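Structural description and commentary
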Amino acid sequence: MNFKGFLQCRGKDIIDENGNPYILRGLGIGGWLVKEGYMIQSAASSPSTIEAAWIDLLGKKEAQDFIVKYRDNFCNEKDFKAIAELGFNSVRIPFHYNMLSPKPNVYLEEGFKYLDQIVEWCKKYDMYCILDMHCAPGSQNGQNISDDLSNEAKLYTKNKKYQPHLNDIWRKLAQRYKDEPYIAGYDLINEPVLTHGITMTDLRNSYVSLTNAVREIDKKHIIFIEGDHYSTRFAGLEPKWDDQIVIAFHKYWNPTSVGSIKRYLEFQEIMDAPMWLGESGENANQWFVETIDMCESLGISWNWWTHKKMDNITNIYNIRKPKNYELIQDYWFKRGPRPSKKIVKQVFNDWLENIKIENCEFQKDVYYAILKRDELNERIPYNKNLVPCVMDAGNYDLGKVNVSYYKENYMRDNLGKFGWNAGKKHRNDGVDVYEIDNHYAVGFNDKGSYVIYTIEVEEEREYSLSISVKGSGKLQVSIDGENFNLGKEITKFRDILIAKKYLAKGKHEIKITTIKPSYFVKTIEVK
């Protein structure tokens, strides 16, 4: 059972009601109550501009209906059940202030009831919930992620105007949930970015004001605090002003070593408070494995970003693009004409169906990288390849780098480095996978890169191994360590017989290695 009563802070640990250290292992549900353009591959980037783009195509009445259905289909009880069954013990819920209070002294009970429903789902499926103010009044960063494109964090530059409203919203939340143990705590402000001369002292004062507002009513719940510059800078927020503070840092596109979070650990020593990696992801599986293992080794809680996105390899659930969605995109990005009403209706109706979790693609390689990391020390067949069989080249075995695959650029460990899977399809490893002719093909584009497949033989006899391939260079195909080479130019995909070999009953290994780039392999057939 994940639920262990009210969570509290003791020194550098989050503890349960029995005083035992507790690690939150969670998933953020982005793109739901706060929409983001990159998650739907839209030209509009913020919640308001996305909804405006929908209104432009659908008309106001139909768009409002779509917005409600989108919210209800994108994430609901089925999603919470699935997240819990995967093994997460918590969820982070980004929300927009305007769903609760669009302006001072105006409160929307419907919005609060929606949060009530989320808490009930967490109770039913045994998970903690962290409430995350993703879009604060005035904007805490002036960015699309807080529904503002001004590049001015007006929450701080016009603090006297916006701080009281934010304080009041958190008072209302504290009043409603002060006795709710399934809420792990309050993530007061997501990713502040200080601009226009605003200092860390100003940010600290804002946090103290918010904490005081909560503590007028709620003395128990954890307060999660995020640093400047997308929660990566904390120096200047000391000293600690409350005993129930957790340092909520975010981590993207940097190394996975303990040294990469050295400044957070130093701040932790000053504050004597627990740490929570409140948001991370958007990288390759190996980066996921190494980052989470690093956190676990230090007793740091973590929360992965995000639950699902459209046509993306980095999430456990992938939303398939609706048919003709590219026509909508062409219009949005000013590459094409306004689509017909018939096309718009078809796309948006299909979209509502595709976002349902039962219609999403479950990406098990990402699941293993987040929650089954130790199992990836050995190869796991992606599918059960019982010969005779035809395998998509993209269905190589699950495993860590140097276990089931290798490519030099297998993750993004610095901000200026892009890509790990150049094809951006099907797998989230350092293997280039492309969708070609309804198959997942592998591009052998880097010298020394390889992938490994496990096949299973029930009848001992001679078998032939063929690959559907095009390109030039040199490939080495091995069966149980016996090597066969391909070095001729092939201008169109065609089946090439690699070898005939007697195979005993049991499991066998096929390995394809790039000796000289570059070939594309679509399928591997053993018969």
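Note: the structure precedes this text.
Let me begin by describing the structure that accompanies this report. Every value quoted in this text rests on a predicted model; they were computed, and no experiment measured them.

With that out of the way, let us pick up the nonpolar core. Formed by 117 residues in total, the largest nonpolar core has its most connected members in Trp-32, Phe-80, Trp-170, Phe-348 and Trp-351. Other than its neighbours up to four places away in sequence, Phe-80 contacts Ile-29, Trp-32, Cys-75, Val-91, Ile-93, Ile-118, Trp-121, Cys-122, Tyr-125 and Met-127. Listed in part, the 35 residues of the second largest apolar core include Val-457, Tyr-463, Leu-475 and Ile-524.

The end-to-end C-alpha distance of helix α13 (residues 341-354) is 20 Å, a good match for the 20 Å that 14 residues give at a rise of 1.5 Å each. When we look at burial in α13, the residues that qualify are Val-344, Val-347, Phe-348, Trp-351, Leu-352 and Asn-354. For α13, the buried positions fall inside an angular range of 165° around the axis, keeping them on one side. Every exposed residue of α13 that faces more than 90 degrees away from the buried side is listed here: Lys-342 and Lys-345. Next to the buried residues of α13 lie α1 (37-40), α2 (47-58), α3 (60-74), β11 (308-310), β12 (317-319) and α12 (325-332).

One can find Ser-46 in the loop between α1 and α2. Judged by its relative accessible area of 2%, Ser-46 falls in the buried class. Looking at Ser-46, its side chain comes within polar contact range of the side chain of Thr-49, at 2.8 Å.

Here we take up the environment of Trp-351. Following the sequence through the fold, Trp-351 ends up in helix α13. Residues contacting Trp-351, with those up to four places away along its chain left out, are Ile-40, Trp-54, Phe-66, Tyr-70, Met-310, Pro-322, Tyr-325 and Trp-332.

With the rule as written, the count across this model stands at 36 aromatic pairs. Centroid distance Trp-54 to Tyr-70: 5.1 Å. Interplanar angle 50°. Geometry classified as tilted. Linking Trp-54 in helix α2 with Tyr-70 in helix α3, this pair joins segments that are 16 residues apart in sequence. Taken individually, Trp-54 and Tyr-70 each receive the classification buried, so the pair is uniform in this respect.

With that settled, the discussion passes to unusual backbone geometry. Across the chain, the bulk of peptide bonds are trans and the bulk of non-glycine residues have phi less than zero. Following Val-387, the chain continues to Pro-388 via a peptide bond in cis, the omega torsion being 5°. Structurally, Pro-388 is set in the loop between α14 (364-371) and β14 (389-392). Cis geometry is adopted by the peptide bond preceding Ser-518, which originates at Pro-517 and carries an omega value of 5°. Mapped onto the elements, Ser-518 comes out in the loop between β23 (506-516) and β24 (519-526).

Running from N to C, helix α5 (residues 109-124) and helix α7 (residues 159-177) point in directions that differ by 45°, and their axes come no closer than 12 Å. The angle between α5 and α7 places the two elements in the oblique class. The crossing of α5 and α7 is right-handed. Judged by residue contacts, Glu-109, Phe-112, Lys-113, Leu-115, Asp-116 and Val-119 of α5 engage Lys-172, Leu-173, Arg-176 and Tyr-177 from α7. Of the residues assigned to the contact of α5 with α7, the class counts are five nonpolar, no polar and five charged.

What follows concerns the pattern of salt bridges. Overall, the coordinates contain 39 salt bridges when judged by the stated rule. In this structure, the salt-bridge partner of Glu-459 is Arg-461, at a minimum N-O distance of 3.8 Å. If you follow the salt bridges from partner to partner, you end up with Arg-92, Asp-132, Asp-187, Glu-226 and Glu-279 in one network.

Spatially, β3-β4-β5-β6-β7-β8-β9-β10 is the arrangement adopted by the eight strands of the closed barrel, whose pairing is parallel. For this sheet, the mean angle separating the axes of adjacent strands, direction not counted, is 25°. Sheet topology note: the strand β6 (residues 183-187)/strand β7 (residues 222-225) ladder contains three bridges and is parallel. From the neighbouring strand, Asp-187 faces β7, where its bridge partner is Phe-224.

Glancing now at the side chain of Ser-260. Mapping Ser-260 onto the fold places it in the loop between β8 (245-251) and α10 (262-271). Taking the relative accessible area as the measure of exposure, Ser-260 reaches 13% and is therefore buried. A polar side-chain atom of Ser-260 sits 2.6 Å from the main-chain carbonyl oxygen of Ser-257. Those residues in contact with Ser-260 that lie beyond four places of it in its chain are Lys-251, Pro-255 and Met-294.

All right, on to the sheet that holds β11 then. If you trace the three strands from one edge of the open sheet to the other, you get β11-β12-β13, paired in mixed fashion. A strand with exactly one partner marks an edge of an open sheet, and here the two such strands are β11 and β13 (361-362). As judged from the three bridges shared by β11 and β12, these two strands associate in the parallel manner. Bridged to Lys-308 within β12 is Tyr-317.

What counts, and at which threshold
Residues numbered from 1 in each chain as written. Predicted model: local features only at pLDDT ≥ 70, side-chain atom pairs only at ≥ 80, totals over all residues. Heavy atoms only, no water. Core = buried A, V, L, I, M, F, W, Y, C linked by side-chain atoms within 4.5 Å. Buried < 20%, exposed > 50% of the residue type's maximum accessible area, 1.4 Å probe, protein only. Contact = heavy atoms within 4.5 Å. Helix = DSSP H or I, 4+ residues; strand = E, 2+ residues; numbered from the N terminus. Expected span 1.5 Å × (residues − 1). Arc of directions from axis to C-beta. Polar contact = N/O pair within 3.5 Å; in protein donor to acceptor, adjacent residues only side chain to side chain. Phe/Tyr/Trp six-rings, centres within 6.5 Å; stacked < 30°, edge-to-face > 60°. Axes fitted to C-alpha atoms, helices over the stretch in contact; angles between N-to-C directions. Parallel < 35°, antiparallel > 145°, perpendicular 65-115°, else oblique. Left-handed = near helix turned anticlockwise from the far one by under 90°. Nonpolar A, V, L, I, M, F, W, Y, C, P; charged D, E, K, R; others polar. Salt bridge = Lys/Arg side-chain N within 4 Å of Asp/Glu carboxyl O. Pairing = 2+ DSSP bridges.

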